[in-house]
Amino acid sequence: MTDNYTESKTAVYYDAPPARPAPVNQTGTIAWVRNNLIKTPTDIFLTTLSIFVVAYLVITFYQWATQSANWWAIGFNIRQYMMGGYEQDLEWRLVFAVVGTAFLCGIGIYVWLKHLSRVLILLTIALVVVLFAIPPLVLSTISLPNTYMMAGNAFSVGNVNDTPRPEVAFIAKKDENIVISKANITNDTELVNIASFMDRQLSSVRSTTADRFVALAQQADLQAQLDNNATAAIPLLTEAQKTRLEADLTRLNVIPSVTETLALNQADVTIEILDGTTFEPIKEAAILNESRETATFTIPQDGWYILRKTTSEGETSMSILSIDGIYPILRTSRLQAGGGFVSNYVRMTDEYRTEAPIPRVGGVDMPFIVINENQYRGDRPLDAYLRVYLSPFLQRHAPNLGILITFIALGYALGSLLMRFLGKKDTQTFASYALMSSTVLIWVMAAGFSIPEMLNLSLLFGAVAFLSVASRIGAKFGRSLIGFGLLIAGIALTMAMPFVVFQPHYGFGILPVVNLFIALPAFISFWIGTSSYGIADDAEETRAVIVGSLVTLLSFFLPLVLASTVLPVNGDYSSWFLRLSDQRNWGGFLLTIILTLYGIVASFPIGVLLALGRKSALPAVKYGCTLYIELVRGSPFITVLFFGQLFIPLIDPTLATVPGTIRALVATIAFSAAYLAENVRGGLQALPPGQMEAGKALGLSGWQVTYFITLPQALRTVIPALVGQFISLFKDTSLVLIVGLIDLTGYVNSMVVQPEFTGTRREGLMFISILYFVFSYVMSYVSRLLERSGSGSVRRI
Amino acid sequence: MVKNTMMELDRNQAIRPPLSLFQKVLSFFRDVRVIQAITQIIFTVAFFTAVYTLSTNVYNSLIAQGSIPSFSFLSSRAGFDLLETPEWYSAESTYSQALQVGIINTLRVVVIGLVLSTILGVLTGIALLSRNWLVRNLSSAYVEILRNTPLLVQLIFWYYVFMLEVLPRDGDDLTFPAEGIAVFPLRVILYPVLWLIIWALSRQRHTLKGILTGALYGAVLIELVQLLLGYSPLLFVGVGLVGVVVFAIGFTQQKAVPSVMHGAFVGAGLVAVGQMALVALLGTLTNAEIIAADGALWTPVYSVLYLSRKAVAIPELIQTVSFNFWFAIVVLSAAVAAGTFVYFSGVIERTGRNIPRFLIAAGIVLVGMLFGWIFASNAPDTLLASPIWSIITTLGYGVLLIVVLFTIVDQASLRMTKGLSRLIRIGLMVAVVGGGSLLLLQQVQAVLANPVPNTLEEGFVLENNRPVEITELQESGRFLARHEAQVSQQPLVVGIPIKRGTRFQQGVTLSPEYLALTLGLIIYTSAFIGEIVRAGIQAVSFGQFEAARALGLNGSQTLQMIILPQALRVIIPPLGNQYLNLAKNSSLASAIAFADVYSIGQTVMNQSGQSIPGFFLILITYLIMSLIIALLMNVVNSRFQLVTR
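Residues numbered from 1 in each chain as written. Chains lettered and ligands numbered in written order. Predicted model: local features only at pLDDT ≥ 70, side-chain atom pairs only at ≥ 80, totals over all residues. Heavy atoms only, no water.

A. Representation of the overall build of chain A. Across its full length, chain A holds 27 helices and 17 strands. Taking 2.2 N^0.38 as the reference for a compact globule, 797 residues should give roughly 28 Å; the C-alpha atoms of chain A span a radius of gyration of 37 Å, well beyond that estimate. Counting all 797 residues of chain A, 44% fall into the buried class. Total accessible area on chain A stands at roughly 41700 Å², and carbon and sulfur atoms take up 64% of it. Distance between charge centres in chain A, computed from 55 positive and 56 negative side chains, equals 13 Å. (Helix = DSSP H or I, 4+ residues; strand = E, 2+ residues; numbered from the N terminus. Rg over C-alpha atoms; globule rule 2.2 N^0.38 Å. Buried < 20%, exposed > 50% of the residue type's maximum accessible area, 1.4 Å probe, protein only. Areas by Shrake-Rupley, 256 points an atom, 1.4 Å probe, with all protein chains shown as cover. Lys, Arg positive; Asp, Glu negative; His and termini not counted. Charge placed at Lys NZ, Arg CZ, Asp CG, Glu CD.)

Printed below as a string of structure tokens:
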């Protein structure tokens, strides 16, 4: 602004000022840190506190995971975690179902998640590297830790009185080298710091030594506290404390040095390896003494061997041997084909299995290196963790995950092909139907499929086809005598089917019960059809009626004709086509997924019907639905589960054999339907009534307004709440453990009871928490995607 | 003309021929109302037929198994013992008493859980909205982990891993506060005094804010030096001399020191010199044996909280003879406070003056408690022993209940008609007066039936219902709070837990099952409540906050008058849902062996064989609990919702 009265002497810049770099304090990372982390003193305090908390948690978790957690509990129980007791010879069906679902998911990923493809490709590459590159590297560079064993006669140190076993059985493969030497342990500190597999005697010696160090430290600490108190100007301890500390000090008992008590590693040890079947030494005995430090044996063939380690009679010195090549063994038993159990021995470090019988002496199994007694004790260094726990696990499961990734990639490729040839809308429809068919695939593969199921399904299909025929009959003939007559004839035929045609041959199934209740739905369907009477195209309706009737009759009679000509009646067909699996054996993650998936699929239509019923103008329907919804919502989930377990067998004698998993599924469906009904009701209430009025003004009948106008909008609005309910259902399936079913959470309790894996509850809980978290997070991510693509995102007004 | 109209009449009749009987019947069935009525009849008939068939099938199956459903089992002997029971329960109690124990345990979990999870949830919500990026994202990660893991997995972790493995073994209990000697160095008194002086001076001169900051830094430095180098008078003399130098520099060398640091130097110097003087003074006083050693006060500190795998012990409050008297005074003052609250609310509505009615009411209650304590501790025995105090307490409860209920029911936003509101108020008055009269009658009857028992002789207390001399107990070191409660006259005596061997001699012990369940439920529910609170506060548009600032409202006023009312409207319905979830999730107690109503109900059902009546009772319990919570939340909700037409 120029001043009219005075001449300005300031300089006027005609060129733009030279560009200077932006001030460091105001831009970039430093500015972000200043604004978000250290703006006020409170901020500084909170940031410091958070950093300490995070560092503490991360370090504690890392130390626990690598140094003291026993991850074999997960690795050796992973089948039970995933499938429970599912029949072993039917496992291929679950693999097929998972692979098929992965393929269909691949199509879905291409169609809907293409914007994530860069992230997904990076993730895949990272997974491939981790699974296929790291394990071989680790396995080739890091060697397994040695097993430590004690050798000698009876010893006594502290409270421990024990004798090392002179003979121990183990399994080995052909051409493996067993290298035995005396452990280099000269004092107590080195004894405490041993970290590897060790037998029970050495483990108790080691813990006694650790206790000794603790007692020494306690003694010094107590003495220091009492001395400080005596010399300080003000008293530092209350009277009660002082008496307590003095009593503790006198009670403390510090044992003398363990290494000296046992005269460690001063005796000569004789080492021999005997063959497990012939009890003959494979090589001449080796004596470890001052001149000879190591003994090496080469195993001639696969099988059982016995390690004999002895010192001379009367020798009081104990020795600790460091053995390379002998590792702990897990014993499991397997049900044999002809009945009876056969023991299965697995060497845990490389999963070398054998079913050869263990050597017996005097009719009793020999003691062998059982994992119960020979656990890895001590703080594990990182390379031992990688070599013993992580890499074998990854290597074992890498092919499975690789197949999974391959099939997802194949589905992705198919999706891109379809998109090129069919166009976007058709591909989306195809992908939706493909994903929906995965629910059928999973059930058929998991539960099996046989002749009685096929016949039940055909009757059900016929009933459903008849419903659509009824509406077409109504559209063609209207509310006239012919229409009613055809309807009644059709209802009679459908209701008679199970009795007249089916029962003499194959007994009455559960599904055809639907046919008995076909009257009311058929009548409603007929009535809905009559609202189009006179409006619809006559030729098309005639065609529809004829085709529908043919389909209904075919689905009633054709499978029966086929089955009765091909196979004899009333035979045992439980193993024809896909053998039925006993649902009482289902457990683990399989059970969780079955309950979640079929709970969602079945409770959704029931929930929508309940919500519509609650909104109905007819008081009987409205109060009936309200009563059901409020009753179920006011009860805890385990009450409903317990209700299902207890009362389903009581309803009808034929239902007494329904397995517990199906009862839990029915209870889950009933429970989830009530909650879904409330969510859908919220959506129905949020819809402006103008929509319904506009539909009526256009001449649509009540049911048409509901089906074409109300439901699509209402359901789209409540998708986030619905998916939230599905996620809750997924988490609530863990409660079936209270009614006795072993699902993913339930197996943790069963795992901890096994003597080989006691005290591994934290590992189990960590594993299942990660699984639950990953699946829940993915579901909520999908929910956010659906939210963004819904009608709300399209509406511009 | 006539002929044409006749023909028109004929044509009209030709358009509408008379209906045949069949057509009349058909048109009846085409009427919408008839169809609706028939559908309802069919639905009702089908529903009741299904229910009837199901129930008769179930009944017949049960009879075939040999157990006739009935409720008579409730009065038969239970025969099982429980870990956590009130004192009146034993294996000889009946099934109905066992179920009562279950209900008590469930209420213990649910009531504490609701209160604490709300508090923790609000704090989590505040953390989720923090301006600090680290705090915000960490709390978001915390909430996501808690919400995506099943509750049962979390409860198993809390019980099996935390309570049974992480907490120390019995004998190595964690105690709080750690037993020892608490030392309070007297020289610390200097700091607040000095800061007060500087602050008072700085109100008149502008530049002394730097002195305050300098004094703060100086104090921190001095304490660090003392911590690292230990305490010695020579050290403080040295510190004082350094302080003199620093003070001189700050005061005189204005040019050598940057202007912003003048005040800091002056403040730090003042603190150092003051410390030296004070330490010298304390040293002389200590030598003259006027105060305790080393210029410090010390006192032994005893633990009040014990944590171990076996139990958690907290202090207990024990009533004495004067408790009824004191509590009657408290209840009366609460009633008076409620009355003044209502009165002042009316004054605020009418005149618009800003009267602190909450503070006044709280003040009245506090004054009543304090003076009541003093009176009760010094009142004569005959006054205390009179039963009239418990009667006054009951009356006071009645008045309070009536006032509170009338305040709630009076809200116009409950949208009830005047007649219905009046009816409810009359009904409430009748219920309260009727219930109160019954209680009063009961008290009077009890007094008339059992005259006041003889008080003990002077110098004796009851132990195991036998009188024992106090001095005998004192000599053996066993004068515990329970005995003290019989002798002392203050209304309440605090009994801190004392551990002898493995048992606690006084104090309330909480089992690890109860703690694991309550802690797990609180932490799980608080994550959901945190998200709800965050969503509620974010639902208030930022313009509201800006408008409040433009009007000149400060932080707490904005929060209280603008943000919270709008946010609470969005928060309360889902909050009620979460409370219902907590009440129902308490049934997971059966997974960690806590005896709540569901697990006791299970045991009762298994032992007596009566599955249906037992199941019915459990269901009714949960339904009533859910109904009460839903009703209360509805009332609270209607207070906050917008009153529309």
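B. The arrangement of the overall build of chain B in detail. For chain B, the count of helices and strands is 22 helices and twelve strands. A buried classification covers 35% of the 645 residues belonging to chain B. A separation threshold of at least 6 residues defines the contact pool for chain B, and within that pool the share at least 24 residues apart is 70%. (Contact = heavy atoms within 4.5 Å.)

C. Fine view of the interface of chain B and chain A. Each partner contributes residues to the interface: chain B has 61 residues there, and chain A has 57 residues. A salt bridge links Arg762 of chain A to Glu165 of chain B; the shortest N-O distance between them is 2.9 Å. There are 13 residue pairs in polar contact (both at pLDDT 80 or more) connecting chain B and chain A. In terms of residue count, the dominant contributor to the side of chain B that touches chain A is helix 3 (residues 32-65) of chain B (13 residues). Classifying every residue of the side of chain B that touches chain A by side-chain character gives 36 nonpolar, 17 polar and eight charged. (Salt bridge = Lys/Arg side-chain N within 4 Å of Asp/Glu carboxyl O. Polar contact = N/O pair within 3.5 Å; in protein donor to acceptor, adjacent residues only side chain to side chain. Nonpolar A, V, L, I, M, F, W, Y, C, P; charged D, E, K, R; others polar.)

D. Region of interest: the nonpolar core. Counting residues in hydrophobic clusters, the biggest one holds 125 residues, and the most contacted among them are Trp72, Tyr81 and Ile768 of chain A. Looking at which element gives the most residues to this core, the answer is helix 18 (residues 512-539) of chain B, with twelve residues. If sequence neighbours within four positions are ignored, Ile768 of chain A has contacts with Tyr81, Leu744, Thr745 and Val748 of chain A together with Val153 of chain B. (Core = buried A, V, L, I, M, F, W, Y, C linked by side-chain atoms within 4.5 Å.)

E. Focus on the side chain of Gln154 of chain B. Residue placement: Gln154 of chain B occurs in helix 6 (residues 151-166). When sequence neighbours within four positions are dropped, the list of residues in contact with Gln154 of chain B reads Leu146, Thr149 and Tyr524 of chain B.

F. A look at the confidence of the model for chain B. The pLDDT averaged across chain B works out to 82; a share of 88% of its residues lies at or above 70. If you check the scores for this complex, the pTM reads 0.84 and the ipTM reads 0.85. (pLDDT = per-residue confidence, 0-100.)

G. Main features of the pattern of salt bridges. Residues and elements named next belong to chain A. Scanning the model with the defined rule gives 26 salt bridges over all chains in all. Here Arg308 makes a salt bridge to Glu167, at a shortest N to O gap of 2.8 Å. With Arg308 in strand 10 (residues 303-310) and Glu167 in strand 4 (residues 167-172), the pair connects residues that are 141 residues apart, well separated along the chain. Among the ionic pairs, Glu176 bridges to Arg347, the shortest N-O distance being 2.9 Å. One end of the pair, Glu176, is in the loop between strand 4 and strand 5 (177-182); the other, Arg347, is in strand 13 (residues 341-347), with 171 residues separating them in the sequence. The pair formed by Glu176 and Arg347 is uniform in burial state, with each residue classed as buried. If you follow the salt bridges from partner to partner, you end up with Asp162, Arg165, Arg200 and Glu373 in one network.

H. Quick peek at helix 11 (residues 382-422) of chain A. Of all the bends in helix 11 of chain A, the greatest, near 45°, is centred on Ala398 of chain A, and the proline Pro399 of chain A appears no more than four residues after it. A positive backbone phi angle near 90° is found at Gly423 of chain A, which sits one or two residues after helix 11 of chain A. (Bend = angle between axes of the 7 residues up to and from the residue.)

I. Region of interest: the packing of aromatic side chains. Residues and elements named next belong to chain A. A full pass over the atoms with the stated rule returns 46 aromatic pairs over all chains. Geometrically, the ring pair formed by Phe197 and Tyr327 is edge-to-face, given 6.4 Å between the ring centres and 75° between the ring planes. You can see Phe197 sitting in strand 6 (residues 196-198) and its partner Tyr327 sitting in the loop between strand 11 (319-324) and strand 12 (329-335), a full 130 residues away along the chain. As far as burial versus exposure is concerned, Phe197 and Tyr327 are alike and both buried. On the numbers, 5.4 Å between centres and 50° between planes, the contact of Phe484 with Phe526 is tilted. With a gap of 42 residues between them, Phe484 in helix 14 (residues 481-506) and Phe526 in helix 16 (residues 519-530) connect regions that are remote in the sequence. (Phe/Tyr/Trp six-rings, centres within 6.5 Å; stacked < 30°, edge-to-face > 60°.)

J. View of the sheet that holds strand 4 (residues 305-307) of chain B. Residue and element names in this part refer to chain B. Across the sheet, four strands lie side by side as 1-4-5-12; this open sheet has antiparallel pairing. Of all the strands in the sheet, the pair left with one neighbour each is strand 1 (174-176) and strand 12 (508-510). Taking the axes of each pair of neighbouring strands and ignoring which way they run, one obtains an average angle of 15° across the sheet. Of the pairings in the sheet, the one linking strand 5 (residues 312-314) to strand 12 comprises three bridges and is antiparallel in character. Note that in strand 12 the partner of Val312 across the bridge is Leu510. (Pairing = 2+ DSSP bridges. Axes fitted to C-alpha atoms, helices over the stretch in contact; angles between N-to-C directions.)

K. Spatial organisation of a nonpolar patch on the surface. On the surface, Leu520, Ile524, Ile528 and Trp703 of chain A together with Leu21, Val25, Phe28, Phe29, Ile38 and Ile42 of chain B cluster together into a nonpolar patch covering about 920 Å² of accessible area. Elements with a minimum of two residues in the nonpolar patch: helix 16 of chain A together with helix 2 (21-29) and helix 3 of chain B. At four residues, the largest contribution of residues to the nonpolar patch is made by helix 2 of chain B. Note that Ile528 of chain A resides in helix 16. (Patch = residues over 30% accessible without salt bridge, like charges linked within 9 Å, V, L, I, M, F, W, Y side chains within 5 Å.)

L. Layout of the sheet that holds strand 6 of chain A. Residue and element names in this part refer to chain A. Strands sit in the order 9-5-11-1-6-17 across an open sheet of six strands; the sheet is mixed. Bordering the open sheet on either side are strand 9 (294-298) and strand 17 (376-377), each of which pairs with just one other strand. Where strand 5 and strand 9 come together, five bridges link them in antiparallel fashion. What sits directly across from Asn177, in strand 9, is Thr298.

M. How the structure looks around the pairing of strand 12 of chain A. Residues and elements named next belong to chain A. Across seven bridges, strand 12 lies against strand 13 in antiparallel orientation. When the bridges of strand 13 are listed, Ile329 appears paired with Arg347. Hairpin connection of strand 12 to strand 13: five residues between the antiparallel strands, including Gly339 at a positive phi of 95°.

N. Looking closely at the packing of helix 20 (residues 637-651) of chain A against helix 21 (residues 597-608) of chain B. For the pair helix 20 of chain A and helix 21 of chain B, the least separation of the axes is 12 Å and the interaxial angle reads 20°. Considering their axes alone, helix 20 of chain A and helix 21 of chain B lie roughly parallel with respect to each other. Two packed elements cross with a definite hand, and for helix 20 of chain A against helix 21 of chain B that hand is right-handed. Here helix 20 of chain A contributes Ile638, Thr639 and Phe642 of chain A to the contact with helix 21 of chain B, which in turn contributes Tyr598, Gln602 and Met605 of chain B. (Parallel < 35°, antiparallel > 145°, perpendicular 65-115°, else oblique. Left-handed = near helix turned anticlockwise from the far one by under 90°.)

O. The arrangement of unusual backbone geometry in detail. Cis rather than trans, the peptide bond between Phe176 of chain B and Pro177 of chain B has omega equal to -15°. Structurally, Pro177 of chain B can be placed in the loop between strand 1 and strand 2 (180-185). Positive phi, normally seen in glycine, also occurs at Ala263 of chain A, with a value near 50°. As for its placement among the helices and strands, Ala263 of chain A is situated in the loop between helix 10 (258-262) and strand 7 (269-275). A positive phi angle, close to 60°, is found at Glu351 of chain A, a residue other than glycine. With a relative accessible area of 25%, Glu351 of chain A lands in the partly exposed category.

P. Up close: the packing of helix 20 (residues 555-585) of chain B against helix 22 (residues 611-640) of chain B. Residues and elements named next belong to chain B. Contact geometry for helix 20 and helix 22: axes closest at 10 Å, N-to-C directions at 170°. The orientation of helix 20 relative to helix 22 falls into the category roughly antiparallel. On helix 22, the residues that touch Leu568, Arg569, Ile572, Pro573, Gly576, Tyr579, Leu580, Ala583 and Lys584 of helix 20 are Tyr622, Met625, Ser626, Ile629, Ala630, Met633, Val636, Asn637 and Phe640. For the contact of helix 20 with helix 22, a count of residues per class yields 13 nonpolar, three polar and two charged.

Q. Seen up close, the side chain of Arg93 of chain A. Residues and elements named next belong to chain A. Topologically, Arg93 is positioned in helix 5 (residues 91-112). The side chain of Arg93 sits in the buried core without any salt bridge; Glu87 is the nearest counter-charge, 6.7 Å away. Beyond its immediate stretch of four places on either side in the chain, Arg93 contacts Tyr86, Met445, Ala446, Ala447, Gly448, Leu578, Arg579 and Ser581.

R. The environment of Leu650 of chain A, seen in detail. Structurally, Leu650 of chain A is set in helix 20. With 510 residues separating them along the chain, Leu650 of chain A and Ser140 of chain A place their C-alpha atoms 62 Å apart.

S. Looking closely at the confidence of the model for chain A. Residues and elements named next belong to chain A. With 94% of its residues at a pLDDT of at least 70, chain A reaches an overall mean of 87. Taking the mean pLDDT of every element in chain A, the minimum, 42, falls on helix 27 (residues 791-794) and the maximum, 95, on helix 18 (residues 588-614). Every residue in residues 791-797 scores below 50 in pLDDT, and together they form two contacts with partners more than four places removed in sequence or on other chains.

T. Region of interest: the environment of Ile156 of chain B. Mapped onto the elements, Ile156 of chain B comes out in helix 6. Residues Ile156 of chain B and Leu146 of chain B lie ten residues apart in sequence; the distance between their C-alpha atoms is 14 Å. Excluding residues within four positions of it along the chain, Ile156 of chain B makes contact with Leu737, Thr745, Arg761 and Leu765 of chain A together with Val161 of chain B.

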